[in-house]
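Results of the structural survey
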Amino acid sequence: MSEKPRLTYINGRGRMESIRWLLAAAGVEFEEIFLQTREQLLKLGQDGSLMFHQLPLVEIDGMKLVQCRAILSYIAGKYNLYGKDLKERALIDMYVEGISDLMQLILMFPFSPPEAKEKNIATISEKATERYFPVFEKVLKQHGQDFLVGNRFSWADVQLMEAILAVEEKVPSVLSGFPQLQAFKTKMSNMPTIKKFLQPGSPRKPPPDENYVATVMKIFKLD
Amino acid sequence: MSGKPVLHYVSVRGRMEPVKWLLAAAGVEFEERILKTKDDLQKLRTDGCLLFQQVPMVEIDGMKMVQTRAILNYIAGKYNLYGKDLKERALIDMYVEGMADLYDIIMNHDFKPANEKEKDLANIMDKATNRYLPVFEKVLKDHGHDFLVGNKLSRADVNLLETILMVEEFKPDALAKFPLLQSFKARMSNIPSIKKFLQPGSPRKPPLQEKDIPNLLAIFS
């Protein structure tokens, strides 16, 4: 019977993009519903579809999953992208969580006031080049393998690829001191499922713009 | 050989407290290395002990684990507190992630400026009593079991007890409208490993006090 997973969010990257990346990398086709009004969000909450009245929501395997990490962990587990044992999972989790801290800066960036934007880009650049990318450069150099963990494609590789591209959108030369990451990026880009996701017309969403920010403020009523 | 896990953190609850709860509930003894100064943190960094230059860090099974969620996932998996299959794990993850959101606003409360504290406290209590606690009351009501997932103790139960106690520190009658959470709290508190953790002299840390804040800020500056 197996239906496609169904993703409910707004028409933009936000907290759903990592999920789109992971499903796409796993070769899983999915459907998307894009909310356009706050009323639609409230209605979903009233219907009991949203455990904590928040998005993202992914309907998969008879479950209404919320909370990004819960969704990503489930997808990673289901599609064998979570390592072969507890220790590999621990490595993947550490890498993903570190990258997630970096991605948080990118997630929040569109909402910073204009006068703070230059400083925020500098922070993203600094954190990427001094705290996060050196770790993965070293991991790849030390084991000399194509993938971060267990010589096998995993969630960590997908998350790192997404982060590299996201940071490059803000800081185009960010990989200049990281030859291993440059090679990694090329290899990932050529993996069939990821290559497909990187092509126009895929479910990949464009960088956030003013329209995205306005939609988020309206629907999620952020302070 | 198997040494006890070693927890590296500062002297307050912060991001390490859920790790202590989980280890304690699993009946695992651990050691603590308390960072008291910025130099203590710097030493860990220069020794190459901190993957992303941050604490918490837990030495366990030959690994130097960082990132709270990674640490908790590993402990939960190792000690069979993570459900029996992917779907139970998904439920546990949803519950735990929801509680983590509440934990973040509770943790940040102590660092709010004085003139924002009252409004922030109202927000915490609103989220606790209208968004998070009702979910768990309903879960317990719907299946009638003692534990949140799979009729078996999991990290979600440990997390919920910790959350309940923290919310009650703000407002002692926070569970007034949640009879099932009240009995859940009583049951969980009587589990031997948890009962031990709740007693004076355990590794459990008290709520953050204002006098601790300047030193904390200095360490993490």
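Residues numbered from 1 in each chain as written. Chains lettered and ligands numbered in written order. Predicted model: local features only at pLDDT ≥ 70, side-chain atom pairs only at ≥ 80, totals over all residues. Heavy atoms only, no water.

Chain B goes by glutathione transferase in an unreviewed UniProt entry, where it is assigned to Meleagris gallopavo. According to the UniProt record, the Sequence similarities (unreviewed entry) comment for chain B reads "Belongs to the GST superfamily. Alpha family." (UniProt positions renumbered as here; feature names shortened; annotations may be inferred.)

By the naming in an unreviewed UniProt entry, chain A is glutathione transferase, taken from Meleagris gallopavo. Turning to chain A, the UniProt record has this under Sequence similarities (unreviewed entry): "Belongs to the GST superfamily. Alpha family."

Right, let's talk about the domain arrangement of chain B for a bit. Reports often express the size of an interface as the amount of accessible area lost when the parts come together. Residues and elements named next belong to chain B. When cut into domains, chain B gives domain 1 (6-79 + 198-211) and domain 2 (86-190). Here the C-alpha centre of domain 2 lies 22 Å away from the C-alpha centre of domain 1. At the junction of the two partners, domain 1 supplies 16 residues and domain 2 supplies 15 residues. Between domain 1 and domain 2, the buried area comes to about 1,400 Å², and carbon and sulfur atoms account for 58% of it. If you sort the residues of domain 1 by the area they bury against domain 2, Trp21, Arg69 and Leu208 come out on top, with a joint share of 34%. Inspection of the region where domain 1 meets domain 2 yields four salt bridges. In this structure, the salt-bridge partner of Arg13 is Glu169, at a minimum N-O distance of 2.9 Å. The tally of links between domain 1 and domain 2 comes to four residue pairs in polar contact (both at pLDDT 80 or more). (Domains from an automatic or database assignment. Contact = heavy atoms within 4.5 Å. Buried area = accessible area lost by both parts, 1.4 Å probe. Salt bridge = Lys/Arg side-chain N within 4 Å of Asp/Glu carboxyl O. Polar contact = N/O pair within 3.5 Å; in protein donor to acceptor, adjacent residues only side chain to side chain.)

Residues and elements named next belong to chain B. Read across the sheet, four strands follow the order β2-β1-β3-β4 without closing on themselves; strand pairing throughout is mixed. Edge positions in the open sheet fall to β2 (31-34) and β4 (63-66), since each of these has one partner strand only. Mean inter-strand twist for the sheet, computed between neighbouring axes without regard to direction, equals 20°. When strand β3 (residues 57-60) meets β4, the two strands line up antiparallel, connected through four bridges. When the bridges of β4 are listed, Val58 appears paired with Met65. (Pairing = 2+ DSSP bridges. Helix = DSSP H or I, 4+ residues; strand = E, 2+ residues; numbered from the N terminus. Axes fitted to C-alpha atoms, helices over the stretch in contact; angles between N-to-C directions.)

This brings us to helix α2 (residues 38-46) of chain A. Residue and element names in this part refer to chain A. Turning to α2, its buried residues number three or more, namely Leu41, Leu44 and Gly45. End-on, the buried residues of α2 take up no more than an arc of 100°, which puts them together on one face. Opposite the buried face of α2, by more than 90 degrees, sit the exposed residues Glu39 and Gln46. Turning to α2, the residues buried within the fold contact β1 (6-9) and α9 (210-220). Among the residues trailing α2, Gly48 stands out with phi positive, at a value near 80°. (Buried < 20%, exposed > 50% of the residue type's maximum accessible area, 1.4 Å probe, protein only. Arc of directions from axis to C-beta.)

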